[in-house]
Amino acid sequence: VSPTLVPTNVPTVSPTSLPTCTPSPFPSLVNNMQNISAMEMALCDVALYNLPSGQHESLNLTGWSCTFGIPDLHVCFWTGVNCSFHHNIGSDEYTVDVNGINTKGFGLSGQLRPTIGGLKNLTFLDMSNNYLSGPIPEEVWSLQFLSHLDLSLNVFSSTIPSRIGSLSGAAYINLGVNAFTGSIPDEIGRLQALKFLGLYSNSLTGSLPSTLDRISSLEYISLSSNSLSGSISSSLSGLTHLKHILFSSNHFTGSLPDSLCNMTSLEYLHVFGNDGLSCYSSCLHTLGEGFDPGAVEECES
C-alpha cells in the first residue's frame, strides 16, 4: 500500500531548529554500557525488521547493519542518527545518547518495534514517508523528552491512544496520512508545549475534543480529510497564537462561530467539504484567500 499524498490545500509548515542528524565527534572513552545496549537494540531492530534489503546502496546509507544484534559501525555514525555526548564530571569518561532519528523516506516497512522505547533521551523522531504499519508501539508515548514526532505518510492503524497526552514537551506532532480510526482523545489537551498538530487524512470520527482550547501554544492544526462531526466550538478563539485551522472534508455541522473573527493571528481557515455547515459570518472575509468556505454560504444579516 502506497501512502497517500499530502493534500495540496495544506500549507507547508516547516518546524524550526531540527537536528541535522550528522555524526558528532566521537569521544574515545564512553561509559554507560546499559544505555549503549538499549540504543544498539533499538536501532538494530529497525535495521533488521524495518529496512528492506538493498536500500543501503540506493539511499547511500552509512551504517544500518548489525551482526548478532551488535552494530557493525557505532550507531552515532549511522546516516540519520544524531548523538549527544556528556562529559562525566570528575572523570575522563563520557555518556553517549541518541537524541535524534531521521529516517524520512528510507522505505521502511513492517511494524515499528517496541525497542524504540530504549532511546530514552530521544528528542527528535521523524520516520515519515515510509510504509510502516500496525499500531504505534506504546513505548513511543513514554519518550518523555520527545519534542518532535513525525510519523506521517505511513500506514499506521489502530486508534490514537490517550497516552499521547504523556508527551508533555512535544512541540510538533504529525500523524497525518495514515489509517487511524476512532476519536481524538481528550488527553490531547495536556500537550501544553504543542505548536503543530497534524492528524489529517485518517479515518477519525467523533467530535472535536473539548480540551483543544487548553493547548494555548498551538499555531497550526490540520484535521482535514477525516469523518469528524459535531460543531466547531467557539472556544477555539481563545487560542491566540493559532494561525492555521484546516478542518476541510469532514462532517461538521452548525454555523461557524462569530468569535473566530476575533482571532488576530489567524491566517488560514479551511472548512470546505463540510456539507453540514450552515453559514459563516461575513467578517471572515478579512482573511482573504486564506479563508476557504467551499459551498458554505454567508449568514444572512
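Here we summarise the structure given alongside this text. None of these values were measured; they are calculated from a predicted model.

**Section: the overall build of the protein chain**
- Assigned secondary structure in the protein chain consists of two helices and 22 strands.
- Buried residues in the protein chain amount to 49% of all 301 residues.
- Of the contacts formed within the protein chain by residues at least 6 apart in sequence, a portion of 51% connects residues at least 24 apart.
- Accessible surface for the protein chain amounts to roughly 13500 Å². Of this, 50% is attributable to carbon and sulfur atoms.

**Focus: the side chain of Asn178**
- Inspection of the secondary structure puts Asn178 in the loop between strand 11 (172-174) and strand 12 (181-182).
- Within polar-contact distance, the side chain of Asn178 engages the backbone oxygen of Gly176 at 3.2 Å.
- If sequence neighbours within four positions are ignored, Asn178 has contacts with Leu151, Ser152, Leu153, Asn154, Val155, Phe156, Ser201 and Asn202.

**Quick look at the nonpolar core**
- Counting residues in hydrophobic clusters, the biggest one holds 74 residues, and the most contacted among them are Trp64, Val98, Leu175, Phe247, Leu256 and Leu269.
- Looking at this core, the elements that each hand over two or more residues are helix 1 (33-49), strand 4 (81-87) and strand 5 (94-102).
- If near-sequence neighbours (up to four positions away) are discounted, Trp64 is found in contact with Leu43, Val46, Ala47, Leu51, His56, Trp78, Thr79, Val81, Thr103 and Phe106.

**Observations concerning the environment of Pro71**
- The residue Pro71 is located in strand 3 (residues 70-71) in this model.
- Here Pro71 falls in the buried class, since its relative accessible area comes to 13%.
- For Pro71 and Met41, which are 30 residues apart along the polypeptide, the C-alpha to C-alpha distance reads 8.9 Å.

**Quick notes on the state of the cysteines**
- Counting across every chain of the model gives four disulfides.
- Each disulfide pairs two cysteine sulfurs, and for Cys261 the partner residue is Cys283, the sulfurs being separated by 1.6 Å. Looking down the S-S bond of the Cys261 and Cys283 bridge, the torsion is 60°, so its handedness is right-handed. In this pair, Cys261 sits in the loop between strand 18 (251-252) and strand 19 (268-270) while Cys283 sits in the loop between strand 20 (279-280) and strand 21 (291-292), placing the two residues 22 residues apart along the sequence.

**As for the side chain of Asp97**
- As for its position among the elements, Asp97 is in strand 5.
- Within polar-contact distance, the side chain of Asp97 engages the side chain of Asn121 at 3.1 Å.

**Quick word on the sheet that holds strand 16 (residues 227-230)**
- In spatial order, the strands read 12-14-16-18; together these four strands make up an open sheet with parallel pairing. Each of the sheet's edge strands pairs with one partner strand only, and the pair in question is strand 12 and strand 18.

**Examining the sheet that holds strand 6 (residues 109-111)**
- Judged by pairing direction, the sheet is parallel, and its three strands sit side by side in the order 6-8-10 without closing on themselves. The outermost strands of the open sheet, each flanked by one partner alone, are strand 6 and strand 10 (155-156).
- Relative to strand 8 (residues 131-134), strand 6 runs parallel, the two being bridged by three bridges. Opposite Gly110, over in strand 8, you have Leu132 as the bridge partner.

**Section: the pattern of salt bridges**
- Inspection of every chain in the model, using the stated rule, returns two salt bridges.
- Between Arg113 and Asp45 there is a salt bridge, with its nearest N and O atoms 3.2 Å apart. Of this pair, Arg113 sits in the loop between strand 6 and strand 7 (124-126) while Asp45 sits in helix 1, and the two are 68 residues apart along the sequence.
- For the salt bridge of Glu138 with Arg163, the shortest nitrogen-to-oxygen distance reads 3.2 Å. Of the two residues, Glu138 is situated in the loop between strand 8 and strand 9 (148-150) and Arg163 in the loop between strand 10 and strand 11; the sequence distance between them amounts to 25 residues.
- By relative accessible area, which is 38% here, Glu138 ends up partly exposed.

What counts, and where the lines are drawn
- Residues numbered from 1 in each chain as written.
- Predicted model: local features only at pLDDT ≥ 70, side-chain atom pairs only at ≥ 80, totals over all residues.
- Heavy atoms only, no water.
- Helix = DSSP H or I, 4+ residues; strand = E, 2+ residues; numbered from the N terminus.
- Buried < 20%, exposed > 50% of the residue type's maximum accessible area, 1.4 Å probe, protein only.
- Contact = heavy atoms within 4.5 Å.
- Areas by Shrake-Rupley, 256 points an atom, 1.4 Å probe, with all protein chains shown as cover.
- Polar contact = N/O pair within 3.5 Å; in protein donor to acceptor, adjacent residues only side chain to side chain.
- Core = buried A, V, L, I, M, F, W, Y, C linked by side-chain atoms within 4.5 Å.
- Disulfide = S-S within 2.5 Å.
- Pairing = 2+ DSSP bridges.
- Salt bridge = Lys/Arg side-chain N within 4 Å of Asp/Glu carboxyl O.

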